[in-house]
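Here is what each chain is made of, one letter per residue.
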Amino acid sequence: MFARAISEVRTDHPALAQIQLRPRSDPYVEGVAESIMARGDKATEAALESTVVILVDLLRRLIGNDMAMKLIERSLAPSERAGANTDRKREEA
């Protein structure tokens, strides 16, 4: 199911051709800049957005809407706090 959905997104959005996920690497997502240069920022944005939408939809199907939303909110919370701490440090400097 997942492989078919991602394959369909890649077919619909050629901008994903340059984008690779590299688990346990920094950066985790590679090729975004190359995709923007090759296909444009709007096409790359649409491709990435479609990928996230499909992933969230599959997650909702597998574990339910409530649990999926909790996991998504939990994963966003630390990055929001990190951004707030960075802003505070800048203000103090």
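Provided above is the structure to which this section pertains.
Residues numbered from 1 in each chain as written. Predicted model: local features only at pLDDT ≥ 70, side-chain atom pairs only at ≥ 80, totals over all residues. Heavy atoms only, no water.

### Concerning the nonpolar core
The condition is simple: Here, nonpolar core refers to any group of buried Ala, Val, Leu, Ile, Met, Phe, Trp, Tyr and Cys residues whose side-chain atoms link them within 4.5 Å. Here the term buried applies to any residue with accessible area under 20% of the maximum for its type, exposed to any over 50%, and partly exposed to those in between, with areas from a 1.4 Å probe on protein chains only. Note on definitions: a residue-residue contact is assigned when non-hydrogen atoms from the two residues lie within 4.5 Å.
If you look at the biggest cluster of nonpolar residues, it comprises five residues: V9, A15, L16, I19 and A47. If near-sequence neighbours (up to four positions away) are discounted, L16 is found in contact with V9, R10, A47, L48 and T51.

### Section: helix α3 (residues 41–63)
Here is the rule: Segments assigned H or I by DSSP are reported as helices when at least four residues long, segments assigned E as strands when at least two residues long, and all are numbered from the N terminus. A helix is expected to span 1.5 Å multiplied by its residue count minus one.
In this model, α3 (23 residues) spans 33 Å end to end at C-alpha, consistent with the 33 Å of a helix rising 1.5 Å per residue. Within the sequence span of α3, burial applies to T44, A47, T51 and L58. Downstream of α3 by one or two residues, G64 has phi in the positive range, about 95°.

### Let's talk about the pattern of salt bridges
For the record, the criterion: What makes a salt bridge here is a side-chain nitrogen of Lys or Arg within 4 Å of a carboxyl oxygen of Asp or Glu, nothing more.
Counting across every chain of the model gives two salt bridges. Salt-bridge contacts for E30 lead to R22; the nearest nitrogen and oxygen are separated by 3.1 Å. Of the residues examined, R22 reaches a relative accessible area of 35% and is grouped as partly exposed. A salt bridge links R61 to D57, with the shortest nitrogen-to-oxygen separation between them at 2.9 Å. Placement of both R61 and D57 in helix α3 is noted, with a separation of four residues, approximately one turn of the helix. For D57, a relative accessible area of 28% corresponds to the partly exposed category.

### Some points on the packing of helix α2 (residues 32–39) against α3
Defined as follows: For helices, the axis comes from a line fit to the C-alpha atoms of the stretch in contact; other axes are also lines fit to C-alpha atoms, and the angle between any two N-to-C directions lies between 0 and 180 degrees. These descriptions rest on fixed angle ranges, namely under 35 degrees for roughly parallel, over 145 for roughly antiparallel, 65 to 115 for roughly perpendicular, and the rest for oblique. Gly is placed with the polar residues, together with every amino acid not listed as nonpolar (Ala, Val, Leu, Ile, Met, Phe, Trp, Tyr, Cys and Pro) or charged (Asp, Glu, Lys and Arg).
The N-to-C vectors of α2 and α3 enclose an angle of 130°; their axes lie 7 Å apart at closest approach. Taken together, the axes of α2 and α3 lie oblique to each other. Judged by residue contacts, V32, S35, I36 and R39 of α2 engage D41, A43, T44 and L48 from α3. Tallied by class, residues from the contact of α2 with α3 come to four nonpolar, two polar and two charged.

### A few points about the environment of L16
In this fold, L16 is placed in the loop between α1 (2–12) and β1 (20–21). Overall, the relative accessible area of 6% leaves L16 in the buried class.

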